[in-house]
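Below, each chain spelled out in residue letters.
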Amino acid sequence: MLCRFDGETWMPRLCAFDNGICINGLVNLFRATGKEEHLRAAERMGEWLLRVMRRGDGSFFAKCMVGEEPKNPGGKWSLLSGTYLAKLAIPLLNLSRATGDSSYEKAARSLCDWALGKQQSDGRFPTAELPEETFLHPHCYTAEGLLIAGLVLNEDRYIAAAAKAVAWIAPRQLPSGGFPAFLERGNFLNVESPDISAQVLRLFLLLPLKFRSSISLDPQSVVRDIAAMQSRDADAAARGGILAGRAWFHGEREDCAGKHVNSWVTMFCAQTLELLLYGTEEFD
């Protein structure tokens, strides 16, 4: 029996992270099609990010209610100006390259520099406002933003920070092939999800060899972990998708772990499997 969720009525809120992901998609669509309307739409969104959502220290506000000032509602990690927003460096740099507007590159550099200042000596990026706690999902977002920015800008310090972030979690790989999703009060909680495992492996695969050669990680175990969570449900709408793991239901709806087919979980896993199959020559 699959676990399903009713739709929610969302407030009219604008998210910095979500807009950044859409910018990247639109710029890539422009590169593939040459259609200027895609780039113009991405530019409007990028201009909004820099004008409305960017903070004085280089970070970004998390949310903005329509007709109100941007803010960080607080509570959940995604409602704060966490380092996970370093992933915005990817669309900002993509937009900068496509338009020739250096203000986006400048913003990306400033954002990455801000995130670097939050990294702990062990390689962790704290989640929310508690320096001793880390949720692996946004930790990987931070590392991904720094890694891609480092590769694009040829900045080894960004790549080194991402490598350090991967090196922090790699030794914690579980027998299943996954990784503990939470560090809470100094203890790792061995709840996992295949999309988070895919995030770690994707980072490892994208690291240049000189940065990953000292990191021990078993890619095939991650693949087995992903395959074990692929839906084989009789329902054609679910079959083939990847099921979300316990990490996403920790402390709530625990009964849904392994019973909920999720689009982003599936996409994260598919992208990582593609990298493993076809390589990353563009960054070698």
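Note that the structure is a prediction, hence the values are computed from the model and not measured.

(A) Here's a closer look at the environment of Leu206. As for its placement among the helices and strands, Leu206 is situated in helix α7 (residues 194-206). Overall, Leu206 belongs to the buried group, its relative accessible area being 8%. Separated by 73 residues in sequence, Leu206 and Gly279 place their C-alpha atoms 8.8 Å apart.

(B) Region of the structure containing the packing of helix α2 (residues 36-53) against helix α4 (residues 102-116). Packing of α2 against α4 leaves a shortest axis separation of 11 Å and a crossing angle of 45°. Comparing their axes, α4 and α2 come out oblique. Once α2 is placed against α4, the crossing between them reads as left-handed. Here α2 contributes Glu43, Gly46, Glu47 and Leu50 to the contact with α4, which in turn contributes Ser103, Tyr104 and Ala107.

(C) Representation of the pattern of salt bridges in the model. Here the structure, examined in full by the defined rule, presents 12 salt bridges. Of the charged contacts in the structure, one is a salt bridge between Glu155 and Arg109, with a shortest N-O distance of 2.9 Å. Remark: Arg109 occurs in helix α4 and Glu155 occurs in the loop between α5 (136-153) and α6 (156-169); sequence separation between them is 46 residues. The closest approach of N and O atoms between Arg157 and Asp113, which form a salt bridge, is 2.9 Å. In this pair, Arg157 is assigned in helix α6 and Asp113 in helix α4, connecting sequence segments 44 residues apart. Each member of the salt-bridge network shares a partner with another, and the members are Arg97, Glu105, Arg109, Asp113, Glu155 and Arg157.

(D) Fine view of the sheet that holds strand β5 (residues 182-184). Reading across from one edge, β4-β5-β6 is the order of the 3 strands in this open sheet, with antiparallel pairing throughout. Only two strands of the sheet have a single partner each, and these edge strands are β4 (134-135) and β6 (187-189). Relative to β5, β4 is paired through 2 bridges, and the arrangement is antiparallel. Residue pairing in the sheet places Phe135 in a bridge with Phe182 of β5.

(E) Structural context of the packing of aromatic side chains. As enumerated under the stated definition, the model contains 9 aromatic pairs in all. With a centroid separation of 5.9 Å and an interplanar angle of 40°, the aromatic rings of Phe17 and Tyr84 are classed as tilted. Taken as a pair, Phe17 in helix α1 (residues 16-33) and Tyr84 in the loop between β3 (70-71) and α3 (89-99) lie far apart in primary sequence, 67 residues in all. Take Phe17 and Tyr84: they sit in the same class, and that class is buried. Centre to centre, the rings of Trp77 and Phe135 are 6.0 Å apart; their planes meet at 70°, and the pair counts as edge-to-face. Pair noted here: Trp77 is in the loop between β3 and α3 and Phe135 is in strand β4, with a separation of 58 residues, a long-range link. On the basis of relative accessible area, Phe135 is assigned to the buried category, the value being 6%.

Calculation criteria
Residues numbered from 1 in each chain as written. Predicted model: local features only at pLDDT ≥ 70, side-chain atom pairs only at ≥ 80, totals over all residues. Heavy atoms only, no water. Helix = DSSP H or I, 4+ residues; strand = E, 2+ residues; numbered from the N terminus. Buried < 20%, exposed > 50% of the residue type's maximum accessible area, 1.4 Å probe, protein only. Axes fitted to C-alpha atoms, helices over the stretch in contact; angles between N-to-C directions. Parallel < 35°, antiparallel > 145°, perpendicular 65-115°, else oblique. Left-handed = near helix turned anticlockwise from the far one by under 90°. Contact = heavy atoms within 4.5 Å. Salt bridge = Lys/Arg side-chain N within 4 Å of Asp/Glu carboxyl O. Pairing = 2+ DSSP bridges. Phe/Tyr/Trp six-rings, centres within 6.5 Å; stacked < 30°, edge-to-face > 60°.

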